[in-house]
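The primary structure of each chain is shown beneath.
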Amino acid sequence: MIMWMQYFTEVDLAQIGARLDEEEKRLLMERELSARALNELLEQSGQNVSDDGDFSVQVVALALKSFDLSLEQTGQSVLTERALIFNFHEHWFCARKFGGAWYILDSAKDTPVYVDASDVDSIVHTLRMHQYCVFAVRGDLPVCEADNLVAEIGTLSFRAVLRELYPKCEEISPVAMLAV
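Source: prediction; values computed, not measured.

Q: Got a minute to help me understand the pairing of strand β4 (residues 101–105) in this structure?
A: Counting buried positions along β4 gives five out of five residues, so the element sits mostly inside the fold. Sheet topology note: the strand β3 (residues 91–98)/β4 ladder contains five bridges and is antiparallel. Looking across to β4, one finds that Lys 97 is bridged to Trp 102. Where β3 hands over to β4, the hairpin turn is made up of two residues, of which Gly 99 adopts a positive phi near 65°. Of the strand pairs in this sheet, β4 and strand β5 (residues 113–115) are connected by three bridges, and their pairing is antiparallel. Within the sheet, the bridge partner assigned to Tyr 103 lies in β5 and is Tyr 114.

Here it is, written out as structure tokens:
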């Protein structure tokens, strides 16, 4: 969603998670630990992908790394960022800036959700207060169709096109964000 196209399937992410789990186990086995301590640590490892299809932040970071993108903690203001990823209780969603406009891209929603740029910092602050993890995606994001459309017709026209494509496209306030 960060790139407005699906670059990874659930299977791809599960494979990344399995590779990370194996690497963690290998590193644990190399440590000089008592059998009991080693067994306890091995039981705790393997948490990068769950049977329910949930993925750790390490899986997401490694997937993005294949595009020379990094996942980093954000500062107080996120207005200079182009893409954010949020996580709360194993649900991941993102916000992406196209032109000067921000959109929440969430698989739990039918459409992108427009967020006024003046509300982005407030929304991020509210989400942090409610224990959401907030990450910035840094690096050169691949150009996508939405980027090209904004460059061609401008941000206001892009919002109008989205409303036409997604008649239920919402606008969201900081207070309403918690209902997302």
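What follows picks up the thread again.
Q: What is the right way to read the pattern of salt bridges from this model?
A: Any two side chains of opposite charge can pair if their charged atoms end up close together. As enumerated under the stated definition, the model contains two salt bridges in all. The residue Glu 72 makes a salt bridge to Arg 138 at a minimum N-O spacing of 2.5 Å. Taken as a pair, Glu 72 in strand β1 (residues 70–73) and Arg 138 in strand β6 (residues 133–138) lie far apart in primary sequence, 66 residues in all. Residue Arg 138 is classed as partly exposed on the basis of its relative accessible area of 26%. Residues Glu 81 and Arg 138 are paired through a salt bridge, measuring 2.6 Å at the closest nitrogen-oxygen approach. One end of the pair, Glu 81, is in the loop between β1 and β2 (83–88); the other, Arg 138, is in strand β6, and 57 residues separate them in sequence. Where salt bridges share partners, they join Glu 72, Glu 81 and Arg 138 into one cluster.

Q: Mind showing me how you'd approach the environment of Leu 71 here?
A: Mapping Leu 71 onto the fold places it in strand β1. A residue is classified by how much of its surface remains accessible, and Leu 71, at 17% relative accessible area, is buried. Taking the C-alpha atoms as reference points, Leu 71 and Ala 136, 65 residues apart in sequence, are found 5.7 Å from one another. Here Leu 71 is in contact with Val 57, Val 60, Ala 61, Leu 64, Ile 85, Phe 135, Ala 136 and Val 137, once residues within four sequence places are set aside.

Q: How should I be thinking about unusual backbone geometry in this particular structure?
A: Across residues other than glycine, the phi torsion is negative in most instances, and most of the peptide bonds are trans. One non-glycine residue with positive phi stands out, namely Asp 68, at about 60°. Taking the relative accessible area as the measure of exposure, Asp 68 reaches 70% and is therefore exposed. Of note, Gln 131 is a non-glycine position whose phi angle comes to about 75°, a positive value. Among the structural elements, Gln 131 can be located in the loop between α4 (120–129) and β6. A residue is classified by how much of its surface remains accessible, and Gln 131, at 61% relative accessible area, is exposed.

Q: Hey, could you run me through the packing of aromatic side chains in this one?
A: Two measures describe an aromatic ring pair: the distance that separates the ring centres and the angle between the ring planes. Counting across every chain of the model gives six aromatic pairs. Between Phe 86 and Phe 93, the aromatic rings sit 4.9 Å apart at their centres with planes inclined by 20°, giving stacked as the arrangement. Given the relative accessible area of 1%, Phe 86 is considered buried. Aromatic side chains Phe 88 and Tyr 132 sit 4.4 Å apart centroid to centroid with 15° between the ring planes, which places their arrangement in the stacked category. Within this pair, whereas Phe 88 is found in strand β2, its partner Tyr 132 is found in the loop between α4 and β6, the two being separated by 44 residues in sequence. What makes Tyr 132 buried here is its relative accessible area of 13%.

Q: Teacher, can you tell me more about α4 here?
A: In an α-helix, one full turn covers 3.6 residues, which means residues spaced three or four apart are oriented alike. The complete set of buried residues in α4 reads Val 120, Ile 123, Val 124, Thr 126 and Leu 127. Seen along its axis, α4 keeps its buried residues to an arc of 160°; they face one direction. Within two residues after α4, Gln 131 carries a phi angle of roughly 75°, on the positive side.

Q: What is the right way to look at the side chain of Asp 106 in this model?
A: Here Asp 106 lies in the loop between β4 and β5. For the buried Asp 106, which has no salt bridge, the nearest side chain bearing the opposite charge is Lys 109, at an N-O separation of 6.6 Å. Of note is the side chain of Asp 106, whose polar atom sits 2.9 Å from the side chain of His 91. At 2.9 Å, the side chain of Asp 106 forms a polar contact with the backbone nitrogen of Ala 108.

Cut-offs and rules
- Residues numbered from 1 in each chain as written.
- Predicted model: local features only at pLDDT ≥ 70, side-chain atom pairs only at ≥ 80, totals over all residues.
- Heavy atoms only, no water.
- Buried < 20%, exposed > 50% of the residue type's maximum accessible area, 1.4 Å probe, protein only.
- Helix = DSSP H or I, 4+ residues; strand = E, 2+ residues; numbered from the N terminus.
- Pairing = 2+ DSSP bridges.
- Salt bridge = Lys/Arg side-chain N within 4 Å of Asp/Glu carboxyl O.
- Contact = heavy atoms within 4.5 Å.
- Phe/Tyr/Trp six-rings, centres within 6.5 Å; stacked < 30°, edge-to-face > 60°.
- Arc of directions from axis to C-beta.
- Lys, Arg positive; Asp, Glu negative; His and termini not counted.
- Polar contact = N/O pair within 3.5 Å; in protein donor to acceptor, adjacent residues only side chain to side chain.

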